[in-house]
Amino acid sequence: MRSPLTLAAAQIPCVPIDIEQNVAAHAAVLADAAAAGARVVLFTELSLTGYELESIATRLPELAVREDDSRLQPLRAACARYGVYAIVGGILAVENGYTLSALVFDDRGELAATYAKRHLHGIEAEIFTPGTDFTVLEVDGHRLGLAICADVNYPEHAAGVVAAGAEIYLAGALYLSGKEIRRDGHMSARAVENNCWTVLSAYTGEFEGNRTTGGSGIWSPDGMLFARADPGADLVVATLGVQSPAGSSRP
């Protein structure tokens, strides 16, 4: 019988166009998450660069990361030191351009998987190449499927990830302030429709003068909110597969 899986959803502001500073913040959060017992830590969309897309568009070659990128070494080292998986948001160079991606580093600090956002919108579609595949990752016998932001708007995306074998649906996403009901509705609906846990690392703070919602959380398969990051907390931690306690929020 599998042991329950403890997951953390991070909630830290991104420093615009500064991979080194963001990596340092990620590494600090991994230490906190591991101390709380987490095996997997989910970060938000473009957590390595921030969401300043107009600036990103002019610096794509510089901001795209590689598997052997020295800027990621503190993140890789933290994964190995604390025995955790980190799912981070970044940019990857591909044959026909660049993808807005999630990168998974395993508990040895190795790049274990990537996922490219399928549902691009607005300026994203001008900058990035859409993904075509689903990504399902196994951790301690649990199968995790990845999504990025607008992917969660589409029921067929979560359904496709679950059909590919996922039991837990994880998304890093940006919602603008005032869209809290929409944010929670997406995650709750995807949980109920697919009888799966859903996990959200929500973008927090500002980008280009716009406020975002924060509100990272975890929803159970019945669509109920199971755990939520408190305002000002850097992550929320919960053990999936148990009914109580309903998780914890770390300052």
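As shown above, the structure is provided for reference.
Rules used in this analysis
Residues numbered from 1 in each chain as written. Predicted model: local features only at pLDDT ≥ 70, side-chain atom pairs only at ≥ 80, totals over all residues. Heavy atoms only, no water. Buried < 20%, exposed > 50% of the residue type's maximum accessible area, 1.4 Å probe, protein only. Helix = DSSP H or I, 4+ residues; strand = E, 2+ residues; numbered from the N terminus. Pairing = 2+ DSSP bridges. Phe/Tyr/Trp six-rings, centres within 6.5 Å; stacked < 30°, edge-to-face > 60°. Lys NZ or Arg CZ within 6 Å of the ring centre and 35° of its normal. Axes fitted to C-alpha atoms, helices over the stretch in contact; angles between N-to-C directions. Contact = heavy atoms within 4.5 Å.

Draft legend 1. Here's a closer look at the pairing of strand E6 (residues 136-139). The alternating pattern of E6 places Leu137 and Val139 on a buried face, while none of Val136 and Glu138, on the opposite face, is buried. Taken together, the 4 bridges between E6 and strand E7 (residues 142-148) define a ladder with antiparallel strand orientation. Note on E7: the bridge partner recorded for Val136 is Gly145.

Draft legend 2. The arrangement of the packing of aromatic side chains in detail. One pass over the structure, following the stated rule, counts 3 aromatic pairs. The interplanar angle of 80 degrees and the centroid separation of 5.0 Å between the aromatic rings of Trp197 and Phe226 together place this pair among those described as edge-to-face. On the criterion of sequence distance, the pair formed by Trp197 in strand E9 (residues 197-202) and Phe226 in strand E13 (residues 225-228) is long-range, its members being 29 residues apart. Phe226 matches Trp197 in its accessibility class, with the two residues each being buried. Grouping aromatic residues by their ring pairs yields a cluster made of Tyr51, Tyr203 and Phe207. Sitting over the ring of Phe134, Arg118 keeps its end group 4.3 Å from the ring centre.

Draft legend 3. Structural context of the sheet that holds E6. Taken in spatial order, the 6 strands of this open sheet run E6-E7-E8-E9-E12-E13, and their pairing is mixed. Edge positions in the sheet fall to E6 and E13, since each of these pairs with one other strand and no more. Averaged over all pairs of adjacent strands, the angle between strand axes in this sheet comes to 20 degrees, irrespective of strand direction. The pairing of strand E8 (residues 168-173) with E9 spans 6 bridges and is classified as parallel. Following the sheet pairing, Ala171 is matched in E9 by Leu200. Lying on the sheet, helix H6 (residues 155-163) is in contact with E6, E7 and E8; it crosses E7 at an angle near 155 degrees. Across the face of the sheet, helix H7 (residues 180-194) comes into contact with E8, E9, strand E12 (217-219) and E13 while running at roughly 155 degrees to E9.

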